Amino acid sequence: MEKAKLILEYIRVILTTPVLLSVVAIVFIFKFNEDIKALLLRIAKIKLPGGTEVSTPQSNQLKEDTKKPHPEPTEDKIQGLPQNLTTEQRQAIEQLVRAHIANAYLWEYRYLNFYLVRSTQVVLDWLIGLPQSTTYAHYDSFWLPLITAATERQAIINALESHHLITLDASNMITVTPKGKEYQEWRGALPPLPSGAT
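Reading guide: rules and limits
- Residues numbered from 1 in each chain as written.
- Predicted model: local features only at pLDDT ≥ 70, side-chain atom pairs only at ≥ 80, totals over all residues.
- Heavy atoms only, no water.
- Helix = DSSP H or I, 4+ residues; strand = E, 2+ residues; numbered from the N terminus.
- Buried < 20%, exposed > 50% of the residue type's maximum accessible area, 1.4 Å probe, protein only.
- Contact = heavy atoms within 4.5 Å.
- Areas by Shrake-Rupley, 256 points an atom, 1.4 Å probe, with all protein chains shown as cover.
- Salt bridge = Lys/Arg side-chain N within 4 Å of Asp/Glu carboxyl O.
- Arc of directions from axis to C-beta.
- Patch = residues over 30% accessible without salt bridge, like charges linked within 9 Å, V, L, I, M, F, W, Y side chains within 5 Å.

Asks: Break down the overall build of the protein for me, with residues and values.
Replies: Looking only at helices and strands, the protein has nine helices and five strands in total. Going residue by residue from the N terminus, the α and β elements of the protein occur as α-α-α-β-β-α-α-α-β-α-α-β-β-α. A total of 198 residues make up the protein; the buried ones form 24% of that total. Sequence-distant contacts, at least 24 apart, represent 58% of the contacts inside the protein between residues at least 6 apart. Counting every atom, the protein has about 13,800 Å² of accessible surface; 64% of that belongs to carbon and sulfur.

Asks: I'd like a rundown of the pattern of salt bridges, residues and numbers included.
Replies: Applying the stated criterion across every chain yields a total of four salt bridges. We note a salt bridge from Arg-98 to Glu-94, for which the minimum N-O separation is 3.9 Å. Placement of both Arg-98 and Glu-94 in helix α5 (residues 87-115) is noted, with a separation of four residues, approximately one turn of the helix. Taking the shortest distance from any N to any O, the salt bridge between Asp-125 and Arg-187 comes out at 2.7 Å. With Asp-125 in helix α6 (residues 118-129) and Arg-187 in helix α9 (residues 178-187), this residue pair connects regions lying 62 residues apart in the sequence. Since its relative accessible area comes to 21%, Asp-125 is described here as partly exposed. In this structure Arg-187 comes out as buried when scored by relative accessible area, which is 14%.

Asks: Give me the lowdown on helix α7 (residues 136-143), citing residues and values where you can.
Replies: Taken together, the buried positions of α7 are occupied by Tyr-136, Tyr-139 and Trp-143. One side of α7 carries all its buried residues, which in axial view fall inside an arc of 60°. Opposite its buried face, α7 presents the exposed residues Ala-137 and Ser-141, each directed more than 90 degrees away.

Asks: Please set out a nonpolar patch on the surface residue by residue, giving values where relevant.
Replies: On the surface, Leu-6, Ile-7, Tyr-10, Ile-11, Ile-14, Leu-15, Val-19, Leu-20, Val-23 and Val-27 cluster together into a nonpolar patch covering about 930 Å² of accessible area. Of all the secondary structure elements, the ones that give two or more residues to the nonpolar patch are α1 (2-14) and α2 (17-31).

Asks: Outline the environment of Gln-95, supporting the account with residue identities and numerical values.
Replies: Structurally, Gln-95 can be placed in helix α5. Placed 17 residues apart in sequence, Gln-95 and Ile-78 show a C-alpha to C-alpha distance of 9.3 Å.

The following block contains the structure:
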């Protein structure tokens, strides 16, 4: 009888609200840990109570990125097709190839939406909004008060350049590429930040 009372007491303790909520929270965290990690990596900056800020800089994203060769833009005529094709066959194959290229660009732009943190996208919008190309020194000076870490400003330029959205020539002139403008047009205006985030 004593063992039954002892087991009943243990069950009562285990079935209390704090213990059950803790178990549910632990199971939730273990089950969705990759999704939670991906969500936290996408958050640009959050202000917590007490003035603490948590941010995800572009330099952290660069560590995860592997440089891939950029596909060349398509020309009017698809190269490498056999010469003995009829005009209808050539047009059908060219249309199919262009559709696959368009699909590849779609997925690349979706990836850029995920990969480029908000501050990098804001910098790209700023560069596109300038009436002409600018120097790296001007970019660095302009963004110094807003992005205080020099490594982060450099990481933003590296991320944009590695995805061929901008070019940085030998004289340190930053020029937005047609792909950069096309990506911004495809992406549209940046959504407003949620309350509590900056």
